[in-house]
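# Observations on the model geometry
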Amino acid sequence: MTQSRAGRPLRADAMRNRLKVLEAAEAVFDARGTTASTEEVARAAGVGIGTVFRHFPTKEALLEAVYVSGLRKLAEEAEALASADDPGAAFFTFFTRVVGHAATKNALSAALTEAGVDVPETGQGLKQALAALLSRAQDAGAVRGDVGLPEVMALLVGVSRAAERAQGEVRDRALNVVFDGLRGSHRT
């Protein structure tokens, strides 16, 4: 449970406001970039600027919360896909979604680094969930058995960076090239 700065659990209305601000910030930063103002976030959330700063005392704290929330959502998505009927499709679907979220995640990471904030290492859950997806896809023959999590992570980083510059059909074709290299003998 989220706590106030005094260490007490947040009241239900305060928790709702915090979630509204966080959701609005995700949408605003996704649409307008990390240079969007906290005032824009407050307007999008339907709250006053004081409410934003009560929960996130600096813009960097808000950016960090959005970054961590995004990683957490991706990990939850990977965990949900881990029980899919088609492990190969689940793996490639998740890879595509990570690449789709890359521009926002990379911009948040860069803004935090530029502000002197250590980018939080919250990706452990995401790595574990991705490892489970990879293992299931390999067991099903949909992904090559000689590819490990380090290679998949390297590919995700590289393709994500490339996707910031290549959109639409070019990005989709590039993903297909990467997927062809990852596929096992059983095609998905």
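Relevant structure appears above.
Okay, so let's go over this structure. (Residues numbered from 1 in each chain as written. Predicted model: local features only at pLDDT ≥ 70, side-chain atom pairs only at ≥ 80, totals over all residues. Heavy atoms only, no water.)

### Things to note about the overall build of the protein chain
- Of regular secondary structure, the protein chain possesses eight helices and zero strands.
- Shown N-terminal to C-terminal, the secondary structure of the protein chain runs as helices and strands in the order α-α-α-α-α-α-α-α.
- Here the protein chain holds 188 residues, and the buried ones make up 39% of them.
- Long-range pairs, those at least 24 residues apart, make up 68% of the contacts in the protein chain between residues at least 6 apart in sequence.
- Summed over all atoms, the accessible surface of the protein chain reaches about 10200 Å², with 52% contributed by carbon and sulfur. (Helix = DSSP H or I, 4+ residues; strand = E, 2+ residues; numbered from the N terminus. Buried < 20%, exposed > 50% of the residue type's maximum accessible area, 1.4 Å probe, protein only. Contact = heavy atoms within 4.5 Å. Areas by Shrake-Rupley, 256 points an atom, 1.4 Å probe, with all protein chains shown as cover.)

### Looking at the pattern of salt bridges
- Counted under the stated rule, the structure contains seven salt bridges.
- In this structure, Arg 173 and Glu 169 form a salt bridge, with 3.6 Å as the shortest nitrogen-oxygen distance. One end of the pair, Arg 173, and the other, Glu 169, are both in helix α8 (residues 168-182), four residues apart, so they sit about a helical turn from each other.
- Exposure remark for Arg 173: the relative accessible area of 48% places this residue in the partly exposed category. (Salt bridge = Lys/Arg side-chain N within 4 Å of Asp/Glu carboxyl O.)

### A few points about helix α6 (residues 124-139)
- With 16 residues, α6 should cover 22 Å at 1.5 Å per step; its first-to-last C-alpha distance of 22 Å lies within 8% of that length.
- Listing the buried residues of α6 in full gives Leu 126, Ala 129, Leu 130, Leu 133, Leu 134 and Ala 137. Buried positions in α6, seen along its axis, are confined to an arc of 140° and lie on one side of it. Away from its buried face by more than 90 degrees, α6 exposes Gln 128 and Asp 139. (Expected span 1.5 Å × (residues − 1). Arc of directions from axis to C-beta.)

### Side note on the packing of aromatic side chains
- According to the stated counting rule, one finds four aromatic pairs in the structure shown.
- Taking 6.3 Å as the distance between ring centres and 55° as the angle between the ring planes, the aromatic pair formed by Phe 91 and Phe 95 counts as tilted. Taken as a pair, Phe 91 and Phe 95 lie in helix α5 (residues 87-114) at a separation of four residues, close to a single helical turn. Exposure class is identical for Phe 91 and Phe 95. Each is buried.
- Three or more aromatic residues link up through ring pairs in this structure, and these residues are Phe 91, Phe 92, Phe 95 and Phe 179.
- Across the ring face of Phe 92, the terminal group of Arg 183 is positioned such that the distance to the ring centre comes to 4.8 Å. (Phe/Tyr/Trp six-rings, centres within 6.5 Å; stacked < 30°, edge-to-face > 60°. Lys NZ or Arg CZ within 6 Å of the ring centre and 35° of its normal.)

### Thoughts on helix α7 (residues 149-163)
- Relative to the 21 Å expected for 15 residues at 1.5 Å per residue, α7 spans 20 Å between its end C-alpha atoms, a close match to the ideal helical length.
- Among all positions in α7, only Val 152, Leu 156, Val 159, Ser 160 and Ala 163 are buried. Down the axis, α7 shows its buried residues gathered within 105° of arc, on one side only. Turned more than 90 degrees from where α7 packs its buried face, Pro 150, Ala 154 and Val 157 sit exposed.

### Quick word on the nonpolar core
- Among the nonpolar cores identified, the biggest contains 47 residues, and Phe 29, Leu 62, Phe 91, Phe 94 and Phe 95 are the most heavily contacted of them.
- Breaking this core down by element, the ones donating at least two residues are α1 (12-32), α2 (38-45), α4 (59-81), α5, α6, α7 and α8.
- The greatest single-element share of this core, amounting to 10 residues, is contributed by α4.
- Setting aside residues up to four positions removed in sequence, Phe 94 forms contacts with Leu 74, Glu 77, Ala 78, Leu 81, Leu 126, Leu 130 and Leu 133. (Core = buried A, V, L, I, M, F, W, Y, C linked by side-chain atoms within 4.5 Å.)

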